[in-house]
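Coordinate analysis (summary)
Residue strings, one per chain:
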Amino acid sequence: MLPSTTATSTHGTAGGDPVTFDQALLDTSVVIDYPAAAVAAQAATAAVSTITLAELAYGLHTSDPLVNAAREQRYHWIGATFDSISFDGAAARTYGALCASVRAAGRDPRPRRFDLLIAAVAVALRLPLITRNADDFAGIHDALTVVAVS
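The structure reproduced in this document is the subject of the present report. (Residues numbered from 1 in each chain as written. Predicted model: local features only at pLDDT ≥ 70, side-chain atom pairs only at ≥ 80, totals over all residues. Heavy atoms only, no water.)

To continue, consider the overall build of the protein. The helix and strand tally for the protein stands at six helices and five strands. Along the protein, helices (α) and strands (β) appear in the sequence β-α-α-β-α-α-β-α-α-β-β when read from the amino end. For the protein, long-range pairs separated by at least 24 residues make up 61% of all intrachain contacts whose partners lie at least 6 apart in sequence. If you sum the accessible surface of the protein, you get close to 8,000 Å²; carbon and sulfur atoms cover 55% of it. (Helix = DSSP H or I, 4+ residues; strand = E, 2+ residues; numbered from the N terminus. Contact = heavy atoms within 4.5 Å. Areas by Shrake-Rupley, 256 points an atom, 1.4 Å probe, with all protein chains shown as cover.)

See the structure below:
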């Protein structure tokens, strides 16, 4: 299920008109502390990638049972609230190309693996990526539309 709104985005076009994205992919940073109004202002519906679900699942295992319980509750809310988009063959090919692009720019893609995997899903499906950490996605490739929220 995709949360639905009727808001428009100010992520502008060349003519300065507001853009309404029909759907967007949410970065892990967004779902950890979900800014509902900010996301609604950017896209009519939102989804998460299975890479985000994997990142969140990794974070479920700490030495503090209270932290684990809160994170488990958030994990289940995310799974119940957003459709998940699988990392598929098209995303895998796109991931390879994005890594090559990052390498060609003289940077190491390894420390950015999860960001690149999430970006690959967005690029493969031509979805904008909503994130709280736009700098994490800077310079990956022009095919990636990054929408920053706070």
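Having seen the model, we can carry on.
A few words on the pattern of salt bridges. If you walk through the whole model with that rule in mind, you get one salt bridge. One salt bridge connects R132 with D33, and the closest N-O pair in it is separated by 3.8 Å. Taken as a pair, R132 in the loop between β4 (129-131) and β5 (146-148) and D33 in the loop between α1 (28-32) and α2 (36-40) lie far apart in primary sequence, 99 residues in all. Classification of R132 as partly exposed rests on a relative accessible area of 29%. (Salt bridge = Lys/Arg side-chain N within 4 Å of Asp/Glu carboxyl O. Buried < 20%, exposed > 50% of the residue type's maximum accessible area, 1.4 Å probe, protein only.)

Here the focus is the sheet that holds strand β2 (residues 43-49). With parallel pairing, five strands are arranged side by side in an open sheet as β3-β2-β1-β4-β5. Each edge of the open sheet is held by one strand with a lone partner, namely β3 (83-85) and β5. For this sheet, the mean angle separating the axes of adjacent strands, direction not counted, is 40 degrees. Those strands touched by helix α6 (residues 113-125) are β1 (21-26), β2, β3 and β4, and its axis lies near 160 degrees from that of β1. (Pairing = 2+ DSSP bridges. Axes fitted to C-alpha atoms, helices over the stretch in contact; angles between N-to-C directions.)

The subject of this paragraph is the layout of surface pockets. Approximately 320 Å³ is the volume attributed to the largest pocket. Taken together, 19 residues line the largest pocket, and the ones lying closest to its centre are T28, I32, E55, L56 and G59. Of all elements in the fold, only α1, α3 (50-58), α4 (65-81) and α6 reach the threshold of two or more residues within the lining of the largest pocket. If you tally residues by element for the lining of the largest pocket, the top one is α4, at five residues. Partitioned by chemical class, the residues of the lining of the largest pocket number nine nonpolar, four polar and six charged. (1 Å grid on protein atoms, 1.4 Å probe; cavity = no way out; pocket = protein on both sides within 12 Å on 5 of 7 lines; lining within 4 Å. Points joined across faces, edges and corners; volume = space filled by probe spheres on them. Nonpolar A, V, L, I, M, F, W, Y, C, P; charged D, E, K, R; others polar.)

The next thing to look at is the packing of α3 against α6. Orientation of α3 relative to α6, taken along the N-to-C sense of each, is 150 degrees, at an axis distance of 9 Å. Between α3 and α6, the crossing angle belongs to the class labelled roughly antiparallel. Between α3, through I51, T52 and E55, and α6, the contact on the second element is made entirely by F114, L117 and I118. Along the lines of polarity and charge, the residues of the contact of α3 with α6 split into four nonpolar, one polar and one charged. (Parallel < 35°, antiparallel > 145°, perpendicular 65-115°, else oblique.)

Membership of the largest hydrophobic core comes to 21 residues, with the highest contact counts inside it found for L25, L98, L129, I140 and L144. Counting residues per element, this core draws most heavily on α6, at eight residues. Residues contacting L144, with those up to four places away along its chain left out, are A119, A122, V123, L129 and F137. Ranked by size, the runner-up nonpolar core spans 16 residues in total, among them A24, V31, A43 and A46. (Core = buried A, V, L, I, M, F, W, Y, C linked by side-chain atoms within 4.5 Å.)

The next point concerns unusual backbone geometry. Although it is not a glycine, R126 adopts a positive phi angle of roughly 55 degrees. With respect to the element layout, R126 can be found in the loop between α6 and β4.

In this section: the packing of aromatic side chains. Scanning the model with the defined rule gives three aromatic pairs in all. With centroids separated by 5.3 Å and ring planes inclined at 70 degrees, the aromatic side chains of Y34 and F82 adopt a geometry described as edge-to-face. Placement of the pair is Y34 in the loop between α1 and α2 and F82 in the loop between α4 and β3, with a sequence separation of 48 residues. Three or more aromatic residues joined by ring pairs form one cluster here, namely Y34, W77 and F82. (Phe/Tyr/Trp six-rings, centres within 6.5 Å; stacked < 30°, edge-to-face > 60°.)

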